[in-house]
Amino acid sequence: MDVKLFGEVLVTLLVISDPPGMVPIFLALTGAMPKRERNKAAWQAVALALGVIFVFAVGGRQIVTYLGIGVPALQGAGGILLLLVALELLTGKADDPTKQSTSNVALVPLGTPLLAGPGMIVATMLFAERAHGVPGFVAISLGIVLALLLVWLTLRFSGFIVKLLRPSGIEVLTRIAGLLLAAIAVQLVADAVAEFVTNYLHPPPA
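On a predicted model such as this, the values are computed, not experimentally measured, just so you know.

Engineer: Describe the overall build of the protein chain, naming the residues involved and giving the relevant values.
Structural biologist: Along the backbone of the protein chain there are 8 helices and 0 strands. Reading the protein chain from its N terminus to its C terminus gives the helix and strand order α-α-α-α-α-α-α-α. In terms of overall dimensions, the protein chain is globule-like: its C-alpha atoms have a radius of gyration of 18 Å, near the 17 Å expected for 206 residues. Across the 206 residues of the protein chain, 43% fall into the buried class. Restricting to contacts in the protein chain with at least 6 residues of sequence separation, those with at least 24 account for 90%. Accessible area for the protein chain stands at about 11000 Å²; split by element, carbon and sulfur atoms hold 71% of it. Side-chain charges of the protein chain comprise 13 positive and 11 negative groups, with the mean position of each set lying 11 Å from the other.

As structure tokens, this is what we get:
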């Protein structure tokens, strides 16, 4: 196994996924759920993210080339989706249990685009292009699995925070998480627009 590549993949994906930063958003979306349902949402989100990342690691370049899309398009789409979720958190619509289910929360926005977002996807695609033979792909695979395992452990054992905050604290946390999520969304869209403008003014050589 390529130990150096493994370390680079693990550190990069942990920095991008930011497990501690995921906790307030995760609790804002699942804090009102029973403990069992919240734990189920955690592993569903990580499982989906793992699947998406592996798909793009194996055939990401072919997928985006075939569809004719680029990284800015992925960033913009992810940002818009996150902004819609952030607005629900800020307005309190996400607190209505009749308007969302555990599986929906786990898949969108937790699994994607929060965990398996543009940054994670692009980083994985770049690492896959650097892999040389079986040792490289083994290193990348183990790095991805270990990074998401650490994310899952962080989310899985964040439940004790719910006990400390109580319902009123969860409501405040939801509004704060909505604000943070909106900021992330705006940054993704801004980066996408900037990249589009840069590519338009300075197109890459054919």
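Engineer: How would you sum up the nonpolar core? Please name residues and give values.
Structural biologist: Within the largest apolar cluster, 51 residues are counted, with the highest numbers of intra-cluster contacts made by Leu110 and Leu181. Those elements giving two or more residues to this core turn out to be α1 (3-17), α2 (19-30), α3 (35-67), α4 (71-91), α5 (102-115), α6 (118-130), α7 (133-156) and α8 (159-201). Filtering out sequence-adjacent residues up to four positions away, leucine 181 remains in contact with Ile25, Leu82, Val85, Ala86, Leu89 and Leu114.

Engineer: Quick rundown of the packing of aromatic side chains? Include the residues and the values.
Structural biologist: Tallied over the full model, the rule gives 0 aromatic pairs. The ring of phenylalanine 157 carries arginine 156 above its face, with NZ or CZ at 5.1 Å from the centroid.

Engineer: Explain the packing of α3 against α7 to me, and be specific about the residues and the numbers.
Structural biologist: Between α3 and α7, the shortest axis-to-axis distance is 10 Å and the interhelical angle comes to 160°. The orientation of α3 with respect to α7, classified from their angle, is roughly antiparallel. The crossing of α3 and α7 is right-handed. Of α7, the residues touching α3 (which contributes Lys35, Asn39, Ala42, Trp43, Val46, Ala49, Leu50, Ile53 and Phe54) are Ser141, Ile144, Val145, Leu148, Val151, Trp152, Leu155 and Arg156. For the contact of α3 with α7, the class distribution of residues is 13 nonpolar, 2 polar and 2 charged.

Engineer: Which residues make up α8, and what are the values?
Structural biologist: Its 43 residues place the ends of α8 only 49 Å apart at the C-alpha level, less than the 63 Å of an ideal helix rising 1.5 Å per residue. A bend of about 105° at arginine 166 is the largest found in α8, and the proline proline 167 appears one to four places after it.

Engineer: Break down the pattern of salt bridges for me, citing the residues and quoting the values.
Structural biologist: Counted according to the given criterion, the structure contains 3 salt bridges. Put simply, glutamate 8 and arginine 130 hold a salt bridge, and the shortest N to O gap is 2.7 Å. Of this pair, glutamate 8 sits in helix α1 while arginine 130 sits in helix α6, and the two are 122 residues apart along the sequence. A relative accessible area of 23% means that glutamate 8 is categorised as partly exposed.

Engineer: Pulling in residues and values, what's your account of unusual backbone geometry?
Structural biologist: Omega for the peptide link from valine 108 to proline 109 comes to 10°, which places this bond in the cis form. In this fold, proline 109 is placed in helix α5. Put simply, threonine 112 and proline 113 share a cis peptide bond, and its omega is 15°. Inspection of the secondary structure assignment puts proline 113 in helix α5. Positive phi, close to 50°, is recorded for aspartate 18, a residue that is not glycine. With respect to the secondary-structure elements, aspartate 18 resides in the loop between α1 and α2.

Engineer: Tell me about the environment of phenylalanine 54, and please be specific about residues and values.
Structural biologist: On the secondary structure map, phenylalanine 54 appears in helix α3. Note on phenylalanine 54: relative accessible area 26%, which makes it partly exposed. Between the C-alpha atom of phenylalanine 54 and that of valine 11, which follows or precedes it by 43 residues, the distance is 17 Å. Not counting chain neighbours up to four residues away, the residues in contact with phenylalanine 54 comprise Ser141, Ile144 and Val145.

Basis of the calculations
Residues numbered from 1 in each chain as written. Predicted model: local features only at pLDDT ≥ 70, side-chain atom pairs only at ≥ 80, totals over all residues. Heavy atoms only, no water. Helix = DSSP H or I, 4+ residues; strand = E, 2+ residues; numbered from the N terminus. Rg over C-alpha atoms; globule rule 2.2 N^0.38 Å. Buried < 20%, exposed > 50% of the residue type's maximum accessible area, 1.4 Å probe, protein only. Contact = heavy atoms within 4.5 Å. Areas by Shrake-Rupley, 256 points an atom, 1.4 Å probe, with all protein chains shown as cover. Lys, Arg positive; Asp, Glu negative; His and termini not counted. Charge placed at Lys NZ, Arg CZ, Asp CG, Glu CD. Core = buried A, V, L, I, M, F, W, Y, C linked by side-chain atoms within 4.5 Å. Phe/Tyr/Trp six-rings, centres within 6.5 Å; stacked < 30°, edge-to-face > 60°. Lys NZ or Arg CZ within 6 Å of the ring centre and 35° of its normal. Axes fitted to C-alpha atoms, helices over the stretch in contact; angles between N-to-C directions. Parallel < 35°, antiparallel > 145°, perpendicular 65-115°, else oblique. Left-handed = near helix turned anticlockwise from the far one by under 90°. Nonpolar A, V, L, I, M, F, W, Y, C, P; charged D, E, K, R; others polar. Expected span 1.5 Å × (residues − 1). Bend = angle between axes of the 7 residues up to and from the residue. Salt bridge = Lys/Arg side-chain N within 4 Å of Asp/Glu carboxyl O.

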